[in-house]
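Observations on the three-dimensional arrangement
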Amino acid sequence: LDWIHANQSTYDIRVANLSFRAAPRSHYWEDPLNQAVMWLWQAGIVVVASAGNTGPEPMTVGVPGNVPYVITVGALTDGASPATFDDDSLCSFSSTGPTYEGFVKPEVVAPGGHLLGLMDPRHSLALEHPEFSHYNGYYVMSGTSQAAAVVSGIAALVLQANPALTPDEVKCALISTAKPAHDLEGSKVYSIFQQGAGLVDAIGAVDNAEYGCANAGLDVDLDLAGIEHYAGPAGQDENGTFYLIGEVGDGYTWDGTYQGGTGYPWSNGYPWANGYPWSNGYPWSNGYPWSSGYPWSNGYPWSAGLAEPASINIWVPQE
């Protein structure tokens, strides 16, 4: 990340794809990796991060996807029919929010089931799972890492069409044109904590004319300077149900269950009614009384080592 920052001007770097995940061990602003990520965002680089493959339980989004500024991506599968969208569904492994600080994550979802990519046949995954190797070094793999790469490509297209956009404006272009999943009656089948704004739309994002809907109330300069940190609008009631403070209605609450099935339509005919207030932040005060807690709540064991190292996302079966 330091190299990317140092060579930003030399290579005109506009987008950084971070397809890896580690378990949170501190508030987002105290993690050194997250600080480097915010440094890139501050410098004008759009950062796209994978949500992680430890879902579908709540609060499983990892570092650096828990940084509120960045675009965090969950995964869906196309049901093995790329030309048909109404059988697409959220991958069971896709990590979900909210984050410990109450932010809605992921912001969007993208194809992350059985995608083709280049893989050296001598690499461990290719040797451990030779059944997924294809011709000319291509390999089939599932994960939010793959989904993040899709969104990084779309972010690059958005910037190609409008190079003057800031990272916040690119994020707005992506979330304001995404398409949430719904049933035939129009009810959302996944909560905002599972799908964010919904399935990304490359053409819609490139043609988008809305740019002010992301990261309102957040100030990365103050955050990095340690002057002010932020919390998101998510809460949890006494029954364990997650909700969005100040919002009521379809898709704004979630009891933590995963809705399986054969797939659902994803369209912009059923957008989030009140805009995107879930993309905003508020000054951090006394924290959030999450019932499940976090293992780092009683300390920050940086020197003692981490139970789970930062790595590419955990191997998951193809979906």
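This report concerns the structure included in the present document. (Residues numbered from 1 in each chain as written. Predicted model: local features only at pLDDT ≥ 70, side-chain atom pairs only at ≥ 80, totals over all residues. Heavy atoms only, no water.)

So, the packing of aromatic side chains
Tallied over the full model, the rule gives 10 aromatic pairs. Centroid distance Tyr190 to Tyr264: 5.8 Å. Interplanar angle 90°. Geometry classified as edge-to-face. A residue pair is termed long-range when its members are at least 10 positions apart, and Tyr190 in the loop between helix H6 (167-176) and helix H7 (192-195) and Tyr264 in the loop between strand E11 (253-254) and strand E12 (282-283) qualify at 74 residues. Judged by relative accessible area, Tyr264 falls into the buried class, the value being 12%. Chaining the aromatic ring pairs together yields one cluster made of Tyr28, Trp29, Phe103 and Trp284. (Phe/Tyr/Trp six-rings, centres within 6.5 Å; stacked < 30°, edge-to-face > 60°. Helix = DSSP H or I, 4+ residues; strand = E, 2+ residues; numbered from the N terminus. Buried < 20%, exposed > 50% of the residue type's maximum accessible area, 1.4 Å probe, protein only.)

Things to note about the nonpolar core
Membership of the largest hydrophobic core comes to 61 residues, with the highest contact counts inside it found for Ile71, Val73 and Val151. Listed in part, the 9 residues of the second largest apolar core include Leu76, Ala181, Tyr264 and Trp266. (Core = buried A, V, L, I, M, F, W, Y, C linked by side-chain atoms within 4.5 Å.)

With respect to the pattern of salt bridges
Side chains that differ in sign of charge can pair as their charged atoms come close. Taken as a whole, this structure holds 4 salt bridges when the rule is applied. In this structure, Asp201 and Lys179 form a salt bridge, with 3.4 Å as the shortest nitrogen-oxygen distance. In this pair, Asp201 is assigned in the loop between H7 and helix H8 (202-207) and Lys179 in the loop between H6 and H7, connecting sequence segments 22 residues apart. Assessed through its relative accessible area of 23%, Lys179 is described here as partly exposed. Ionic contacts of the salt-bridge type, sharing partners, join the residues Lys105, Glu107 and Lys171 into one network. (Salt bridge = Lys/Arg side-chain N within 4 Å of Asp/Glu carboxyl O.)

Focus on the state of the cysteines
Taken as a whole and judged by the stated rule, the model has 1 disulfide. Disulfide partner of Cys172: Cys213, at an S-S distance of 2.1 Å. Measuring handedness by torsion sign, the sulfur bridge of Cys172 and Cys213 sits at about 120° and is right-handed. Residue Cys172 is found in helix H6, and its partner Cys213 is found in the loop between H8 and helix H9 (220-225); the two are separated by 41 residues along the sequence. As far as the burial class goes, Cys172 and Cys213 line up, both buried. (Disulfide = S-S within 2.5 Å.)

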